[in-house]
Amino acid sequence: MINEVRGSVRIAVAWSAVLLCLVIASAAVQLAGRSDGEARPVRAPVVVIGVAGLAWGDIRADQTPNLWRLLAGGAAAGAATVRTTGGPACASDGWLSLSAGQASVGPRTDGGECAPLPPVRGTGGGARVQRWDRLVDAQRRSEFSPRPGALGMALAEHEGCATALGPGAAIALARPDGTVDRYSATVADAALGCPVTVIDGGQVAESGSGRLNSLARIDAFAGDVLERLGDRATVLVQGVSEPPGGTPYLAVSMVDGPAAGARPALLTVSSTRWGGVVRLLDVPSTLLAAVGAPEPAEFSGAPISLGRARPTDPTTTVHELGAVTTTDRTLRRWSALLLLMAAATQLALYAAAVIVRRRPPPGRARRRLKRLFIHAMLAFSVLPVSVYLVSLTRWWHAPSPDAALWGALAVTVVLAAVPARLLPARPLWRVPLAVALLTFSVLVVDAATGTLLHRASPFGPSALYGGRYYGFGNSTFAVFAVSALVAAGAAAAELTARGRRRAAAAAVTAIGAIAVAVDTWPAWGADVGGGLALIPGAAVLAFAVAGVRLTPARLIAVGSASVAVVAAVALLDWLRPATSRTHAGRFVQDVLDGEAWQLIDRKAGYALSSLAGGPLAWGTALVLILLVLALAWPHRFSPAYLDAALHQWPTLRPTLAAVLTTCTIGAVVNDYGIRLITYGLITVLPLLALTCARTAQEPNEQNPQTKDDPTKASPEAEPQS
């Protein structure tokens, strides 16, 4: 029996190693594709042709022949995030965002419809955007307090010549008072001579034959501009908004001219670290960098460059860039449902287990139900890592992405559950250790290789809605932090059981330090704020394992250390060039500019609003309260199985205390609020339920030799169930 157990352990370790190797191999293949030359910056003169509502699905040889020839001729290409509001988009949203360098909101009618772009009066240096005050006043509905006119003022102060053609372009290049230095209502050769020219190329109609007609007009207009320019300037064809219907998608972004060269490339930018994905808010930074002008502090973008090679076939390029939208739409359609299903199903299973416990069926039926419950908890325990491993299947290339996503998720759950299924059930912490280490290791490898698994994960970022494109978002932080703490607590139990208490405390400290470093480092997790929550949780566990009592003075010291670590990392990030900073470095700049309170207030508002998130938020709060009561007053609120588990797994109580500490602090300091706790609970609760189900609490389930001391249960007592 002992040899069989050892054989199962070896197979489980080998299986986990294979999964990690697959992650590393996939990352290596993608990273190898990036190493094909240095990024090439966009240089002046630059002509921007902005089109509202232009998507990659619109670029076809028979539909937009001029734009198709531009792409076929070697133009660099990218998919651009253009959403700047929470609701349906308007063309003015995009043009104002270019003007302010921040997400902006255009005016709406009383019925909530998009207000038409205001006319421009005058030409040359005497032009002015009409109803400019209304455009500025509309920014009160924006969360970011943008200041229209920032781009125009920055270009004017640099003593550079900038020309606007059309009403949308006039908004983009207007000064803060609404005046435009150079304006033309029509395209003429004389109007294309400045280092920066912005052209309003029109708006694509929402649907139907009107859409085809509008595309034909826009393409003919773009063709005329391209013919006039020849090779004299860099041309950026840029979608500036989604269609008025509100269907989200990534817009077209193409760069052609001297910078493009002979090698077709994907556009790249440090604000996304995602080859082929850029942002509308990167365009103002690109224009200023092209002419060598300093960038205003409030700008949130970075200069766009030409990066790694794209497919030379334009059809393949259009398909791949359009697939980013398809992938993101599929993920947004199902990610919330997946979380709700996981939480609701778990709660239903826990309630059923309580009922069965109080009214047990006959012996054989009870054992069968227990076995089914254990299998279900194994599946739920590996679900958090499976939602990242699912990216290895490249499900988005299937004919039916929705079905492929769910099928791939089912397959990865089974594959990830195999190592845990092979391990012996005793000691109780062995399986949670394996699952937590697998999750922790996969996310560490992914962070070190650019978080590539996140891009097609239900828990990953959204290119459509922006916010975060790389590193650990709030959902990933919760999964990662909980996995790290469970792995540390289980490893401590393993070492303590062998009489190595100092080694156990050292293991907790080491795992905690690695987790904090991976999560906070700007080049990896880029989640500096996560350190404020993760360090206290790791400290709670380390103190308990070392036998050190928590005192108010020690709590203050831990809190001070957390702030010091986060501040140090943020300061190091701030010392980097402005275009390379993450949100941590930008926050330091906000502090220096006196604008940090606005950011804190906005994030606090998000966190508070999460409490009104419906049944999922309320269920999370209820479960959190029950767990706190069970740990704080076990004799009154702790179920019998949890008592047995706490007795047989000596470090389980401080591990749970550490998890709850990190999740609660994380909910307070992050804008995700109670939703962060939801992700943490669906990560830890299956492992806790699995542990409770496998306790030798009932006499007929115990090994007679260990009935009086459950902590000495042998591995042979329950090898597989």
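The structure reproduced in this document is the subject of the present report.

Reading the values: the criteria
Residues numbered from 1 in each chain as written. Predicted model: local features only at pLDDT ≥ 70, side-chain atom pairs only at ≥ 80, totals over all residues. Heavy atoms only, no water. Helix = DSSP H or I, 4+ residues; strand = E, 2+ residues; numbered from the N terminus. Rg over C-alpha atoms; globule rule 2.2 N^0.38 Å. Contact = heavy atoms within 4.5 Å. Areas by Shrake-Rupley, 256 points an atom, 1.4 Å probe, with all protein chains shown as cover. Lys, Arg positive; Asp, Glu negative; His and termini not counted. Charge placed at Lys NZ, Arg CZ, Asp CG, Glu CD. Salt bridge = Lys/Arg side-chain N within 4 Å of Asp/Glu carboxyl O. Buried < 20%, exposed > 50% of the residue type's maximum accessible area, 1.4 Å probe, protein only. Pairing = 2+ DSSP bridges. Patch = residues over 30% accessible without salt bridge, like charges linked within 9 Å, V, L, I, M, F, W, Y side chains within 5 Å. Polar contact = N/O pair within 3.5 Å; in protein donor to acceptor, adjacent residues only side chain to side chain. Core = buried A, V, L, I, M, F, W, Y, C linked by side-chain atoms within 4.5 Å. Axes fitted to C-alpha atoms, helices over the stretch in contact; angles between N-to-C directions. Parallel < 35°, antiparallel > 145°, perpendicular 65-115°, else oblique. Nonpolar A, V, L, I, M, F, W, Y, C, P; charged D, E, K, R; others polar. Disulfide = S-S within 2.5 Å. Left-handed = near helix turned anticlockwise from the far one by under 90°.

### Remarks on the overall build of the protein
Alright, step 1. Across its full length, the protein holds 23 helices and 14 strands.
Alright, step 2. Since a compact globule built from 721 residues should have a radius of gyration of about 27 Å, the 28 Å found for the protein is in line with a globular shape.
Alright, step 3. A principal-axis box enclosing the C-alpha atoms of the protein has dimensions of 95 × 55 × 50 Å.
Alright, step 4. Partitioning the intrachain contacts of the protein with sequence separation of at least 6 by distance along the chain shows that 74% fall at a separation of at least 24.
Alright, step 5. For the protein, the exposed area adds up to about 29,700 Å²; of that, 62% sits on carbon and sulfur atoms.
Alright, step 6. If you average the places of the 62 positive and of the 48 negative side-chain charges in the protein, the two averages end up 12 Å apart.

### Quick notes on the pattern of salt bridges
Alright, step 1. Across all of its chains, the model carries 13 salt bridges by this definition.
Alright, step 2. Notably, a salt bridge pairs Asp-328 with Arg-332, separated by 2.8 Å at the nearest N-O pair. Of this pair, Asp-328 and Arg-332 both sit in helix H9 (residues 314–358), 4 residues apart, which is roughly one turn of that helix.
Alright, step 3. Using a relative accessible area of 24% as the deciding quantity, one classes Arg-332 as partly exposed.
Alright, step 4. Through salt bridges that share partners, Arg-430, Glu-494 and Arg-498 make up one connected network.

### A short note on the sheet that holds strand S4 (residues 120–121)
Alright, step 1. What the 3 strands build is an open sheet, ordered S4-S5-S7; its pairing is antiparallel. With partners counted over all chains shown, the strands left at the sheet margins are S4 and strand S7 (179–180), one partner each.
Alright, step 2. Note: strand S5 (residues 127–129) against S7, 2 bridges, orientation antiparallel. Within S7, the position partnered with Arg-128 by the bridge is Thr-179.

### Considering a positive patch on the surface
Alright, step 1. Positive charge collects at one region of the surface, where Arg-364, Arg-367, Arg-368 and Arg-371 lie side by side.
Alright, step 2. Mapped onto the secondary structure, Arg-368 falls in helix H10 (residues 363–389).
Alright, step 3. Judged by relative accessible area, which is 45%, Arg-368 ranks as partly exposed.

### Let's talk about the side chain of Arg-83
Alright, step 1. Inspection of the secondary structure puts Arg-83 in the loop between strand S3 (76–81) and helix H3 (91–100).
Alright, step 2. Within polar-contact distance, the side chain of Arg-83 engages the side chain of Glu-242 at 2.7 Å.

### Description of unusual backbone geometry
Alright, step 1. Cis geometry marks the peptide bond from Ala-44 to Pro-45, where omega comes out at 0°.
Alright, step 2. Cis rather than trans, the peptide bond between Arg-426 and Pro-427 has omega equal to -5°.
Alright, step 3. By secondary structure assignment, the location of Pro-427 is in the loop between helix H11 (401–422) and helix H12 (430–448).
Alright, step 4. The backbone of Arg-273 sits at a positive phi, close to 50°, despite the residue not being glycine.
Alright, step 5. Position of Arg-273 among the secondary structure elements: in the loop between strand S12 (265–268) and strand S13 (277–279).

### Some remarks on the nonpolar core
Alright, step 1. The biggest cluster of nonpolar side chains holds 110 residues, and the ones touching the most others in it are Trp-395, Phe-459, Phe-480, Val-684, Leu-685 and Leu-688.
Alright, step 2. Considering every element that reaches this core, the biggest residue donor is helix H13 (residues 474–497), with 16 residues.
Alright, step 3. Among residues more than four places away in sequence, those in contact with Val-684 are Val-482, Val-486, Leu-656 and Val-659.
Alright, step 4. Ranked by size, the runner-up nonpolar core spans 52 residues in total, among them Val-46, Ala-162, Leu-173 and Phe-299.

### Focus on the pairing of strand S11 (residues 251–256)
Alright, step 1. Of all 6 residues in S11, 5 are buried, a share of seventy percent or more.
Alright, step 2. Sheet analysis places S3 next to S11, joined by 5 bridges and oriented antiparallel. Bridging across to S11, Ala-79 finds its partner in Val-252.
Alright, step 3. In terms of strand pairing, strand S10 (residues 234–241) meets S11 through 4 bridges, oriented antiparallel.

### Some words on H3
Alright, step 1. Most of H3 sits out of view: 10 of its 10 residues are buried.
Alright, step 2. If you check which residues of H3 are buried, you get Ala-91, Ser-92, Asp-93, Gly-94, Trp-95, Leu-96, Ser-97, Leu-98, Ser-99 and Ala-100.
Alright, step 3. Immediately beyond the C-terminal end of H3, within one or two residues, lies Gly-101, with a positive phi of roughly 75°.

### Some details on the packing of helix H21 (residues 640–648) against helix H23 (residues 674–693)
Packed helices, taken two at a time, are described by the angle their axes make and the gap between the axes.
Alright, step 1. The interhelical angle for the contact between H21 and H23, taken along N-to-C directions, is 90°, at an axis separation of 8 Å. In this view, H21 runs roughly perpendicular relative to H23, as classed from their interaxial angle. In this structure, H21 contributes Tyr-641, Leu-642 and Ala-645 to the contact, and H23 contributes Leu-688, Thr-691 and Cys-692.
Alright, step 2. Considered class by class, the residues forming the contact of H21 with H23 number 5 nonpolar, 1 polar and no charged.

### Some remarks on the environment of Tyr-672
Alright, step 1. Tracing the chain through its elements places Tyr-672 in the loop between helix H22 (652–669) and H23.
Alright, step 2. Residue classification places Tyr-672 among the partly exposed positions, given a relative accessible area of 23%.
Alright, step 3. For the pair Tyr-672 and Lys-603, spaced 69 residues apart in the sequence, the C-alpha separation amounts to 8.2 Å.
Alright, step 4. Excluding anything up to four places from it in sequence, Tyr-672 contacts Asn-474, Ser-475, Ser-610 and Tyr-679.

### Thoughts on a nonpolar patch on the surface
Alright, step 1. Nonpolar side chains collect at one region of the surface, where Trp-521, Trp-524, Leu-571, Leu-572 and Leu-575 lie side by side and expose about 510 Å² of accessible area between them.
Alright, step 2. Along the polypeptide, Trp-521 turns up in the loop between helix H14 (501–520) and helix H15 (530–546).
Alright, step 3. Accessibility expressed as a relative area gives 43% for Trp-521, which makes it partly exposed.

### Focus on the environment of Thr-234
Alright, step 1. If you trace the backbone, Thr-234 turns up in strand S10.
Alright, step 2. With 189 residues separating them along the chain, Thr-234 and Pro-45 place their C-alpha atoms 6.2 Å apart.
Alright, step 3. Not counting the four nearest positions on each side in its chain, Thr-234 is found in contact with Val-42, Arg-43, Pro-45, Val-46, Val-47, Val-255, Asp-256, Gly-257 and Pro-258.

### Remarks on the state of the cysteines
Simply put, the disulfide is a covalent bond whose two ends are the sulfur atoms of two cysteines.
Alright, step 1. Tallied over the full model, the rule gives 2 disulfides.
Alright, step 2. Here Cys-90 engages in a disulfide with Cys-114; their sulfurs sit 1.9 Å apart. Of note, the bridge from Cys-90 to Cys-114 carries an S-S torsion of about -85° and is left-handed in sense. With a gap of 24 residues between them, Cys-90 in the loop between S3 and H3 and Cys-114 in the loop between H3 and S4 connect regions that are remote in the sequence.
Alright, step 3. Residue Cys-90 is classed as buried on the basis of its relative accessible area of 2%.
Alright, step 4. With a relative accessible area of 31%, Cys-114 lands in the partly exposed category.

### Observations regarding the packing of H12 against H13
Alright, step 1. Across the interface, H12 lies against H13 with an axial gap of 8 Å and an inter-helix angle of 135°. Put simply, H12 runs oblique to H13. Classified by chirality, the crossing of H13 by H12 is left-handed. Contacts from Arg-430, Pro-432, Leu-433, Ala-436, Leu-437, Thr-439, Phe-440, Leu-443 and Val-444 in H12 reach Thr-476, Val-479, Phe-480, Ser-483, Ala-484, Val-486, Ala-487, Ala-490, Ala-491 and Glu-494 in H13.
Alright, step 2. Split into classes, the residues belonging to the contact of H12 with H13 amount to 14 nonpolar, 3 polar and 2 charged.

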